[in-house]
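For reference, the chains in residue letters:
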There are 2 protein chains.
Amino acid sequence: MVEIRKPISITEAIARVMAYIQMTEQEVVPLMESYGRVLAESIVAKHDVPPFHRAPYDGFAIRSEDSRLASEHNRICFRVVEQIGAGGLASRAIEQGEAIRIMTGAAMPPHTDAVVMLEQAKSFEKENYFTIRKPFEAWENVSLQGEDVKVDEILVDDGNYIHPGTIALLATFGYDTVQVAKRPLVSLITTGSELLRVEEELVPGKIRNSNGPMIAAQLARMGISLQFNSKLEDDMESCLKGIQQALAVTDCVITTGGVSVGDYDYLPAIYEKLGAKVLFNKVAMRPGSVTTVAVLNGKYLFGLSGNPSACYIGFELFVRPVLLSMMGCKKPYLPYTQAVLLEDFTKANPFTRFVRAIHVFDGAGAKVIPAGFNKSNAVSSIARGNAFIVLPGGTRGYQAGDVVDVLLLGAEEGEEKWLI
Amino acid sequence: MVEIRKPISITEAIARVMAYIQMTEQEVVPLMESYGRVLAESIVAKHDVPPFHRAPYDGFAIRSEDSRLASEHNRICFRVVEQIGAGGLASRAIEQGEAIRIMTGAAMPPHTDAVVMLEQAKSFEKENYFTIRKPFEAWENVSLQGEDVKVDEILVDDGNYIHPGTIALLATFGYDTVQVAKRPLVSLITTGSELLRVEEELVPGKIRNSNGPMIAAQLARMGISLQFNSKLEDDMESCLKGIQQALAVTDCVITTGGVSVGDYDYLPAIYEKLGAKVLFNKVAMRPGSVTTVAVLNGKYLFGLSGNPSACYIGFELFVRPVLLSMMGCKKPYLPYTQAVLLEDFTKANPFTRFVRAIHVFDGAGAKVIPAGFNKSNAVSSIARGNAFIVLPGGTRGYQAGDVVDVLLLGAEEGEEKWLI
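Attention in this report is confined to the structure presented alongside it. The shown structure was predicted, so the numbers you read here are calculated from the model rather than taken from an experiment. (Residues numbered from 1 in each chain as written. Chains lettered and ligands numbered in written order. Predicted model: local features only at pLDDT ≥ 70, side-chain atom pairs only at ≥ 80, totals over all residues. Heavy atoms only, no water.)

Looking now at the interface of chain A and chain B. Of the residues lining the interface, 87 residues belong to chain A; the matching set on chain B comes to 87 residues. Of the roughly 7,200 Å² buried between chain A and chain B on both sides combined, carbon and sulfur atoms contribute 61%. If you sort the residues of chain A by the area they bury against chain B, D148(A), P164(A) and F361(A) come out on top, with a joint share of 8%. Counting the contacts that link chain A with chain B gives two salt bridges. When the shortest N-O distance is used, the salt bridge between E153(B) and R384(A) registers 3.5 Å. Counting across the chain A and chain B interface gives ten residue pairs in polar contact (both at pLDDT 80 or more). Contributions of two or more residues to the side of chain A that touches chain B are made by strand 9 (154-156), helix 2 (164-172), strand 13 (207-208), helix 3 (211-221), strand 20 (336-341), strand 21 (352-361) and helix 7 (380-384) of chain A. At eight residues, helix 2 of chain A tops the list of elements feeding residues into the side of chain A that touches chain B. Split by residue class, the side of chain A that touches chain B holds 43 nonpolar, 25 polar and 19 charged. (Contact = heavy atoms within 4.5 Å. Buried area = accessible area lost by both parts, 1.4 Å probe. Salt bridge = Lys/Arg side-chain N within 4 Å of Asp/Glu carboxyl O. Polar contact = N/O pair within 3.5 Å; in protein donor to acceptor, adjacent residues only side chain to side chain. Helix = DSSP H or I, 4+ residues; strand = E, 2+ residues; numbered from the N terminus. Nonpolar A, V, L, I, M, F, W, Y, C, P; charged D, E, K, R; others polar.)

Here you go:
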């Protein structure tokens, strides 16, 4: 009567899910709309940076050889023959004893190879003259062509997020459009006859649908908007039809609820009817053990728990890395760190346990504290936390002061290191 | 001739900037568009969560007193009189020896106070009967009304970011619209005759404008889009006019370039002409020491350096906390942590130095490594890094293995702890 499911490890579950990744197509977007997208091309330096020797300060460009004999007791005088601002060019090469007044960012004029900073120059009575009292080395106070970047250098690989620094680099090389990965098309179906819409009044026995808006926001955090967001009754036929419609138009169908082994849990039967390959239907984790993932014709069916906490971690653990990997992202996992536990957590952990938590850094090191009520159907701790404590399966309770593994939420990238 | 400016500490500079915050107005947005906004109202529990005693598993709801004498050798039999799914209600209170088949999430029927899980029940030959072999305590296997949240509890304070967990909580309590802080209106003016537009071909002496797109993305990371984005020549009159126009329609005008003491640096004179109060024009930091902030009629004028690295840190250090604080955000600073330096950094630090860096966690602890070329005009390291190493002023070089302060980029919130 009760189907017995064999749980697999989280590591194995992630491996199975990641084995079916198909990359999305690419598209070209304007630079100014590329923030938060995933690069589908490497950024290659199209020229040196700086593209020419330039003045890093306001001052006087001179030939260093002319300064060779300068000292406190043998001041050398230069005549200012021209003035150039950033973006300007000198009209001619200078001769011995000549100098050019130059502004920050301006190209070094021909023959010059040092900049006398304003505070290093002593103005002479005549306005167009100054003296120096020390010799300048060749290229002293000069930003050399290519000192930051050499032409043809590969600077950022494809698969990286485009953040503000990436955009500065793209702008530098004239990328007014950028090749990026298309975002996967995602649909969401929340199931459960107990679910009211957010705007509905509470009635006995019912609760409002919080998973739907939550998942929409988890996707929004990744820059993905939903193609399709519907709520279905706990009814086999309407669920099947809804999922078929969603599959027809999207790469990935997320459902919440209906994945247990209860009488009203239709998802297992629907996967079978669709002919989808179920990758797993039980994971050795709490909450979220009933999380189920199936694939069909290269499309994903994520069956998340209807319990808010279980739903949340199921999304972050399985849906997020799949969607990021479809966009070519090479660090699709949540950022991992470790921190000192600030209070006892006395429950034993037969399965790996994810405890919603608040991660802080107090100057003496990273600390983490459970965010409150931590059952799988909890919602308050989801709102309070910024991290998960990860307690490996097979461990007993933890004490305040123990160092524990932590997954950070709300950041864009992470290594796979935390996998346990 | 050369104006001597007295640098102030970063802590003092931030204090001066933060003294002029005026909160933006509030507005109401639909829940589904509230991700990433700042809450302008506290979230108060409008009812208990769960709102009723409910079944956390599929099973049978019974009266615990009926199970009191059950044991391995004295199985007690129950008759199933009804079945309810989540969202359903029992038609009547049960009597002694009766049970109701109940699904996860369904409200506990009147008089019932325990759930027999499916694996705890042995089906009898007749379909509507089952037996148990242990007594159940009152409220065993029941999610109690209010165990997660009690009505009227303040769950999330105003001033917090709305993240996916916040949205789950808002949905739970029926907030189909949310009171949020309006985003500040921001304009950006990049100055410099050397600047080409991104789509222009490189010509001798000129470079493309990378600061403009970069700052637009730094703002986009905060959910703020530019009202006004223009590029002006190094020309006093056009700069003044551009800034006046920008001030007329926005809360905050960001400029890049023109803040040094050079002949073409018009910003100081413009602040004077406008009658703006200059809060500081030199900060004891590298890069970005020329960063200038002025205020006029409650509006901010941020004069950032034209050097990309200096511009970037100037934005994150001063502009970001001001804009977040205008929205009521109580943790407006960059997240702070510490990490082990992975390579020597031999330069002395007369001023506090921000070194663009890559922060990683390798299982043995947090590590940080400079992201490459780190002069103030560098652009490549901006694209590579995800953090800044902060080396306090007055220190000599640092060795690999030293623990250093780190500011993380790309996250939403941070404590003020790192201030030095």
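Once you've had a look at it, read on.
It is worth spelling out the relation of the copies chain A and chain B at this point. With an axial shift of 0.0 Å and an RMSD of 0.0 Å, the rotation relating chain A to chain B amounts to 180 degrees. The relationship between the two copies is best expressed as a two-fold rotation axis. Interface overlap between copies is the fraction of interface residues in one copy that are interface residues in the other; for chain A against chain B it reaches 100%, indicating a shared surface. (Least-squares fit on C-alpha atoms with pLDDT ≥ 70 in both.)

In this section: the packing of helix 1 (residues 10-18) of chain B against helix 6 (residues 308-326) of chain B. All names here are of chain B. Packing of helix 1 against helix 6 brings their axes to within 10 Å, and their N-to-C directions diverge by 35 degrees. Relative to helix 6, helix 1 is oriented so that their crossing is right-handed. Residues I10, A13, I14, V17 and M18 of helix 1 pack against L317, F318, P321, V322 and S325 of helix 6. Here the residues of the contact of helix 1 with helix 6 sort into nine nonpolar, one polar and no charged. (Axes fitted to C-alpha atoms, helices over the stretch in contact; angles between N-to-C directions. Left-handed = near helix turned anticlockwise from the far one by under 90°.)

Note that all results are geometric; they support no functional claim without further evidence.
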